[in-house]
Every structure is written in structure tokens, then in C-alpha cells.
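# Reading the structure
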Amino acid sequence: MLDIQLLRTNPDLVARKLATRGLQWDQSAFRALEDERKTVQTRTQELQARRNSASKAIGAAKGRGEDVSAQLAEVATLGDALTADEARLDEIQARLEEILLGLPNLPHDSTPIGSSDKDNVEVRRWGTPRLFDFGVRDHTDVGERLGLLDFATAARISGARFTVLKGALSRLHRALGQFMLDVHTSEHGYTEAYVPYMVNADSMRGTGQLPKFEEDLFGVPRGEQGKFYLIPTAEVPLTNFVRDQILAPEQLPLRLTAHTPCFRSEAGSYGRDVKGMIRQHQFDKVELVQIVHPDLSYQALEELTGHAESILQRLDLPYRVMALCSGDIGAGSAKTYDLEVWLPAQNAYREISSCSNFEAYQARRLQARFRNDKGRPELLHTLNGSGLAVGRTLVAILENGQQADGSVLVPAVLRPYLGGLERIQAV
RNA sequence: GGAGAGUUGGCCGAGUGGUCGAAGGCACUCCCCUGCUAAGGGAGCAUAGGACCAAAAAUUCUAUCGAGGGUUCGAAUCCCUCACUCUCCGCCA
């Protein structure tokens, strides 16, 4: 959520920044509402003040045992006007809130300007894609030939966009999550957390999934009490740790990580990545979240991105870092780096992690604050990134580690998690 | 699922219709005193929004005592609904 003060005092800046996202923001509706808000609010508060002082006088007069019927009659005349004004003010403020909740964040000055992923800027590259002296298979082929990847069974159990893993592949999947958590907690200073996979609407609103992106979520009916939502990422529960909290400065930075399943409806992605486990309704991810002092959030973004990169490096997977352009970053983000891992069968780099600085966009919705050096509550900055998407990491290992005989090499750092297994063979 | 008790400021906690944005304590900030590691005295100390202003400060107004609704001239206080917490019983991985 943007600062409404900014919309009031500098609407042109807001419009200009939003335009870099390809969004033509029509200020007129906002301005008209603001003007009305001002008159109605002033009038309402005047009426309230008159009612309050009159009521106080009645109390005092009664205390002295005087007759108050004249004063009662007078204050009664305020009633209707006040009720009407209060109702109108509520309406206006709800509308303003709606507009505010619908606006995405303003891209940071360092975010490249552009309209689509074609305009994203490569920042750096790590590793060298391996040269194959045999026909490269995609991860689906590799996994199915091993007899350990089973989409047919998944389809019978649930449907499209689900996966069943078996045997060593399932264990490799488990190992990846463990490995990532171990690195982030023991070397990068994150605190591991176990969190709910179903959350309430307030939490979804806090991180920005609601109200605009409800169609991307799975909801679980809950009778009278509305519904739960399945988390699309652990960002939601982790970032909501600080909703409605005022942190002491010495608690910062907060670094949290969790390994959770993520659930996405993938509405609107029909026809994209239909084959394989690239785009699933359910996938595992190790998420990194940082809650930091506003002055330090861009430094934190570089660090957090590095934390995610270090996993790819240890797994010896070639990747590149992309600075997403203004037209491609997520709604809440001011700046995003995507990590893209090399997938030889696609002959392309594919997203495996997305690291973003939300600045105060989420914090304002969450009312997540800290006490600054003046002792005043001030909004925090929130960041998050995948460290990494476990399913896609498995895909990368299957494709990059495949051998001519159909087996797959297990990256050295994962072998301790697999009882020393060096190579996954067909069963 | 049943029965009961709760939810007040950074924390603890008083407050059952008016003088309550809210006693008292703790914590914190400043000043004074004292001087040796802890104590005494004084002052300040919620959040958000509005008005005023070029802006800030000051001033002032409004709202906020779990959330929403109601009664009333007036609600932390009375009524209703909901959420959450705790205790006991039941069920249960």
C-alpha cells in the first residue's frame, strides 16, 4: 500500500512511477474523493465536537441538579446531520482505501524501466553450462526413465499440475529442503520457523495477495467464519510475524526462513509449462524473509540475493541474476532480482528464485513498525526471496546431472543427506 | 462439541453511564539531589487522521479501551453478534 500522503502531495510523481509499470493511473477519481473527504470530514468533526461539548455540559448541569431539557432538545437537532455525515465519510474512506489497496508499489530508481520480461537486465552470470556428448533429455524423461517420477499417478490422485516422486528422487527432494534450511540457518543467520499452511484473509491482505489476486489462491471453506487460504508462499506467514507489531530497534534485522509447500491456482497460465514439474499447483519452497530498518533494505536485498545464490553455487548449478524491469516486477515490489537456473533441455535459463524489496508497501498494510531513534513508531521494510524453489531445483539437478546411461549424479553437498548415495539409478 | 472466565496504553493493572484518553505501578527520556553501583525528588511519556501552515513545530479538533453493530444527549462501562486467549469436561493424530 502506498502512503496516502504521497498521493495527496505528489500525485504526479506517483502517476509517473506507475506509468513505468504500464499503468495509466487516473487521478481524477482520487482527487474528487479527496476533496469530498476533506469537506465531509471537517464538517463531521465539527458536529462531533459540538455534540461532545453539549453532552459534557449536560452531564455537568445534571451534576448540579439543574433542568437539562432545553439542552437535550438542542443537541437532539444535531443527530440526523451527524449520522448522515458519518455514513458518507465511512463510504468515502472505504473507497479511498479500495483505491489505495489496488495500487501497486512504486519501482525503485535502480529498477530498469521496461514493459515486459524482454527488458529485464542481466546483472551477472555464474557457472558454465555443461556440454553434452549425448542427446539431452528433459527432466520429465530423465525422471520417468528412472521410474521415480510419476505424473500419471499424480493425475489419478489429484489431476493436472501435480507430481508424485518415489524412492531416491523423493529422498533427493527431501534432502534439498534440509540442505537449504541448514545452510541458511547455520551460515546466513536465519531463524528456522514452522508455520501454518492455511492463513486468514488479514494475513493475505497484509502481504498483498488480497484483495487483488484472490483468483491465484486456493481457499478452504470454514463454515460461518469465512475461509482459510492455502499459502502460495511462506512469505505470507513469515512476513505476518510482524503484523501489528512495534519492534525494538535491537530486534532488527529479523531473518526468518521456512520450508513449506506452496499452493497456487495458476489461473491464467493455461498452456504454459504444462509438461513436467516446472509449474505445479503444489510445490515446496524454502523461503527467506527479512524485516529490516528502512535505511538498510537495499543492502539487505543484495545480501538476501547472495544467500539464495550460494545454494545454486554449492549445488554447482549454472545461473544468471536478472534485475526485473518496471513492467515485470510484482505488484508489491520496488525492486526484484530473479535467479534463473540453466536448464539444458530447454536451452534456457529459467526462474528458480525471486528476491524482492517491498520497502514499506507490505509494512504499511501490516502496520509493521519499529521504534526509531526518536522513539517514534516507523514503518519497517520487508524483503523476501526463494532460497530456493525445491521442485525447480530438483528439475535442474535432473537435467544438469543426467548421464548418458540415464542415471543422475547427486551433487556432492547432498550426498550426506542421501546416506552417501552418489548416483541415482533406474529401479 | 459442552460449561465457565477473560481481552484496557511499551508492559502490569484500576476503572459498571458524564468531570475517563483512561488511576496507580514498571519501563523509558530529561532535570535536580546524592554519591559508589544503588537510592530520593520533579517533569514528560499512546496511536492514527483532520484543520491551521509554504513547511516543520506549536495549537486545536476527531477517532481509538479485542472487532463489528445497537441503546443513549453522552459508552471502556449497558445489550447483541463475532474473533481470540485461558480453565474444566468430551472427542481426537
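Before going into details, it helps to say that this report is about the structure given with it.

Calculation notes
- Residues numbered from 1 in each chain as written.
- Chains lettered and ligands numbered in written order.
- Predicted model: local features only at pLDDT ≥ 70, side-chain atom pairs only at ≥ 80, totals over all residues.
- Heavy atoms only, no water.
- Axes fitted to C-alpha atoms, helices over the stretch in contact; angles between N-to-C directions.
- Helix = DSSP H or I, 4+ residues; strand = E, 2+ residues; numbered from the N terminus.
- Parallel < 35°, antiparallel > 145°, perpendicular 65-115°, else oblique.
- Left-handed = near helix turned anticlockwise from the far one by under 90°.
- Contact = heavy atoms within 4.5 Å.
- Nonpolar A, V, L, I, M, F, W, Y, C, P; charged D, E, K, R; others polar.
- Pairing = 2+ DSSP bridges.
- Salt bridge = Lys/Arg side-chain N within 4 Å of Asp/Glu carboxyl O.
- Buried < 20%, exposed > 50% of the residue type's maximum accessible area, 1.4 Å probe, protein only.
- Phe/Tyr/Trp six-rings, centres within 6.5 Å; stacked < 30°, edge-to-face > 60°.
- Core = buried A, V, L, I, M, F, W, Y, C linked by side-chain atoms within 4.5 Å.

### Brief notes about the packing of helix α8 (residues 167–187) against helix α11 (residues 297–314)
Axis separation between α8 and α11 bottoms out at 11 Å; the angle between their running directions is 130°. When the axis of α8 is compared with that of α11, the two are oblique. Taken as a pair, α8 and α11 cross one another with a handedness that is right-handed. Only His307, Ala308, Ser310, Ile311 and Arg314 of α11 make contact with α8, whose side of the interface consists of Phe179, Met180, Val183, His184 and Glu187. For the contact of α8 with α11, a count of residues per class yields 5 nonpolar, 3 polar and 2 charged.

### Some words on the sheet that holds strand β12 (residues 369–371)
Strand order in the open sheet formed by 3 strands is β6-β12-β13, with mixed pairing between adjacent strands. Bordering the open sheet on either side are β6 (246–247) and β13 (377–379), each of which pairs with just one other strand. Alignment of β6 against β12, held across 2 bridges, turns out to be parallel. When the sheet's bridge partners are listed, Leu247 is paired in β12 with Phe370.

### Section: the pattern of salt bridges
Taken as a whole and judged by the stated rule, the model has 22 salt bridges. A salt bridge links Asp109 to Lys17, with the shortest nitrogen-to-oxygen separation between them at 2.6 Å. Of the two residues, Asp109 is situated in the loop between α5 (79–102) and β1 (121–126) and Lys17 in helix α2 (residues 11–19); the sequence distance between them amounts to 92 residues. Note on Lys17: relative accessible area 18%, which makes it buried. Close ionic contact of Lys275 with Asp138 constitutes a salt bridge, the shortest N to O distance being 3.1 Å. Pair noted here: Lys275 is in the loop between β7 (254–263) and β8 (282–292) and Asp138 is in the loop between β1 and α6 (139–146), with a separation of 137 residues, a long-range link. For Asp138, a relative accessible area of 22% gives the class partly exposed.

### Re the pairing of β8
Burial of β8 is extensive: 10 of the 11 residues sit out of reach of the surface. As defined by bridge partners, β7 adjoins β8 across 10 bridges and the pair is classed as antiparallel. Each residue of the ladder has a partner; that of Arg255, found in β8, is Gln290. Judged from the 7 bridges that link them, β8 and strand β14 (residues 381–389) form a sheet pairing that is antiparallel. Within the sheet, the bridge partner assigned to Gln290 lies in β14 and is Leu383.

### Section: the pairing of strand β11 (residues 348–357)
With 7 of 10 residues buried, β11 lies mostly within the body of the structure. In this sheet, β11 lies alongside strand β10 (residues 335–343) in antiparallel orientation, the contact comprising 9 bridges. Across the sheet, Thr336 pairs through a bridge with Ser356, a residue of β11. Between β10 and β11, which follow one another and run antiparallel, lie 4 residues, and Asn347 among them has a positive phi close to 50°.

### Side note on the packing of aromatic side chains
Where two aromatic rings form a pair, the distance of their centres and the angle of their planes describe that pair. On inspection of all chains with the given rule, the structure shows 6 aromatic pairs. Ring geometry for Trp25 versus Phe30: centroids 5.8 Å apart, planes at 50°, classification tilted. Taking the relative accessible area as the measure of exposure, Phe30 reaches 3% and is therefore buried. Ring geometry for Trp342 versus Tyr349: centroids 5.0 Å apart, planes at 65°, classification edge-to-face. The pair Trp342 / Tyr349 is uniform in exposure class, with both members buried.

### Thoughts on the nonpolar core
Note that soluble globular proteins tend to have their nonpolar side chains buried in a common cluster. Grouped together as the largest cluster of nonpolar side chains are 50 residues, with contacts concentrated most on Leu169, Leu172 and Leu414. The element that contributes the greatest number of residues to this core is α8, accounting for 8 residues. Filtering out sequence-adjacent residues up to four positions away, Leu172 remains in contact with Leu394, Ile397, Val410, Leu414, Leu418 and Ile424.

### A few points about the sheet that holds strand β3 (residues 198–199)
If you walk across this open sheet you meet the 3 strands as β3-β5-β4, and the pairing is antiparallel. Each edge of the sheet is formed by a strand with only one pairing partner; in this case those strands are β3 and β4 (219–221). Summarising the sheet, β3 and strand β5 (residues 227–230) pair through 2 bridges and their orientation is antiparallel. Following the sheet pairing, Val199 is matched in β5 by Tyr229.

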